[in-house]
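Understanding the architecture of this molecule
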Amino acid sequence: MPAPTPVAHIRPATPADEPFIREVLPRLVAFGPPAWRDETQLKARDIAVLLETLHHPAPHSGVFLAEQQGQPVGVLHLTTSTDFYQQTQAHITDLAVMWAAEGQGVGRALLAFAETWALERGYRWLTLSVFAQNSRARAVYERAGFEPDMMSYVKVLPPTGRLQEEE
């Protein structure tokens with residue numbers, strides 16, 4: 001019986017990791033986003049925001065890679081956000097794992113890393129957002145102790161051909 005593959009080693013990402021990040025981030029929409037969302041725009045925006053953090057690090061954010069046997073298999077993008085009460089909290093902006101590493105505990109390892117990162121900085125909450133249709137990711141998050149909080153509903157309105165003017 002072969003030796004089990006170690007779950008993952010997690011390290012800070014560097015600009016040299018950009019090709020891998022560009023390769024793995026489309027996994028964020030692989031489940032099939034809602035019909036009213038433009039998949040191309042979602043991918044482009046996710047990559048732009050993550051690369052901004054990668055190339056211009058700030059004290060309260062970071063990009064991290066999970067590796068197995070020296071090869072990158074997952075990415076984690078951590079930032080902070082402010083809640084309704086104006087309290088700062090840690091926020092998982094992006095978490096994606098390569099298809100080949102799925103089901104091997106890489107996502108759980110990245111979530112555990114995010115929790116440690118948040119605790120070390122004194123944050124009270126660790127938040128994330130996930131599309132309601134992404135049932136696989138939601139199940140992983142719930143097994144890791146995340147619970148639903150606020151829910152957003154969307155109603156797609158027909159285009160009017162002009163922007164509504166403020167009164």
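Okay, so let's go over this structure. Just so we're clear, the structure is a prediction, and the values are computed from it rather than from any experiment. (Residues numbered from 1 in each chain as written. Predicted model: local features only at pLDDT ≥ 70, side-chain atom pairs only at ≥ 80, totals over all residues. Heavy atoms only, no water.)

**Observations concerning the overall build of the protein chain**
Helix and strand counts for the protein chain come out as 4 helices and 5 strands. Listing every helix and strand of the protein chain by position from the N terminus yields β-α-α-β-β-β-α-β-α. Viewed in the frame of its principal axes, the protein chain has a C-alpha envelope of about 65 × 35 × 30 Å. Scored against the burial criterion, the 167 residues of the protein chain give a buried share of 36%. For the protein chain, long-range pairs separated by at least 24 residues make up 62% of all intrachain contacts whose partners lie at least 6 apart in sequence. For the protein chain, the exposed surface amounts to about 11400 Å²; the carbon and sulfur share of it is 54%. Here the protein chain contributes 14 positive and 19 negative side-chain charges, whose respective centroids are spaced 5 Å apart. (Helix = DSSP H or I, 4+ residues; strand = E, 2+ residues; numbered from the N terminus. Buried < 20%, exposed > 50% of the residue type's maximum accessible area, 1.4 Å probe, protein only. Contact = heavy atoms within 4.5 Å. Areas by Shrake-Rupley, 256 points an atom, 1.4 Å probe, with all protein chains shown as cover. Lys, Arg positive; Asp, Glu negative; His and termini not counted. Charge placed at Lys NZ, Arg CZ, Asp CG, Glu CD.)

**Quick notes on the pattern of salt bridges**
Going through the model one piece at a time under the given rule, you end up with 7 salt bridges. Between E67 and R11 there is a salt bridge, with the nearest N and O atoms lying 2.9 Å from each other. You can see E67 sitting in strand 2 (residues 62-68) and its partner R11 sitting in strand 1 (residues 9-12), a full 56 residues away along the chain. In this structure, the salt-bridge partner of E102 is R27, at a minimum N-O distance of 2.4 Å. One end of the pair, E102, is in the loop between strand 4 (88-97) and helix 3 (106-120); the other, R27, is in the loop between helix 1 (18-24) and helix 2 (39-55), and 75 residues separate them in sequence. Members of the salt-bridge network, linked through shared partners, are R11, D17 and E67. (Salt bridge = Lys/Arg side-chain N within 4 Å of Asp/Glu carboxyl O.)

**A look at the side chain of D94**
In this fold, D94 is placed in strand 4. One buried charged residue, D94, remains without a salt bridge, the closest side chain of opposite sign being R45 at 9.6 Å.

**A look at the environment of L50**
With respect to the helices and strands, L50 occurs in helix 2. Put simply, L50 and A16 are 34 residues apart on the chain and 14 Å apart in space, counted from C-alpha to C-alpha. For L50, the contacting residues outside a window of four places in its chain are I21, L25, V63, V75, H77 and D94.

**Overview of the packing of aromatic side chains**
Per the counting criterion, the structure on display carries 4 aromatic pairs. Between the NZ or CZ atom of R27 and the centre of the ring of W99, over which it lies, the distance is 3.5 Å. (Phe/Tyr/Trp six-rings, centres within 6.5 Å; stacked < 30°, edge-to-face > 60°. Lys NZ or Arg CZ within 6 Å of the ring centre and 35° of its normal.)

**Here's the deal with helix 2**
Over its 17 residues, helix 2 extends 24 Å from the first C-alpha to the last, a length consistent with the 24 Å expected when each residue adds 1.5 Å. Within the sequence span of helix 2, burial applies to L42, I47, L50, L51, T53 and L54. For helix 2, the angular spread of buried residues about the axis comes to 155 degrees, placing them on one side. Those residues of helix 2 that are exposed and aimed more than 90 degrees away from the buried face are T40, Q41 and R45. For helix 2, the secondary structure elements touched by its buried residues are helix 1, strand 2, strand 3 (71-82) and strand 4. With a side-chain oxygen positioned 2.9 Å from the backbone nitrogen of T40, the residue opening helix 2 is D38. (Expected span 1.5 Å × (residues − 1). Arc of directions from axis to C-beta. Polar contact = N/O pair within 3.5 Å; in protein donor to acceptor, adjacent residues only side chain to side chain.)

**So, the nonpolar core**
Judged by nonpolar contacts, the single largest core of 23 residues is most densely connected at L76, L78, I92, L95, V106, L110 and L126. For this core, the elements supplying multiple residues, two or more each, are strand 2, strand 3, strand 4, helix 3 and helix 4 (135-143). By residue number, the principal contributor to this core is helix 3, which donates 7 residues. Membership of the second largest hydrophobic core comes to 15 residues, among which are I21, I47, L50 and L54. (Core = buried A, V, L, I, M, F, W, Y, C linked by side-chain atoms within 4.5 Å.)

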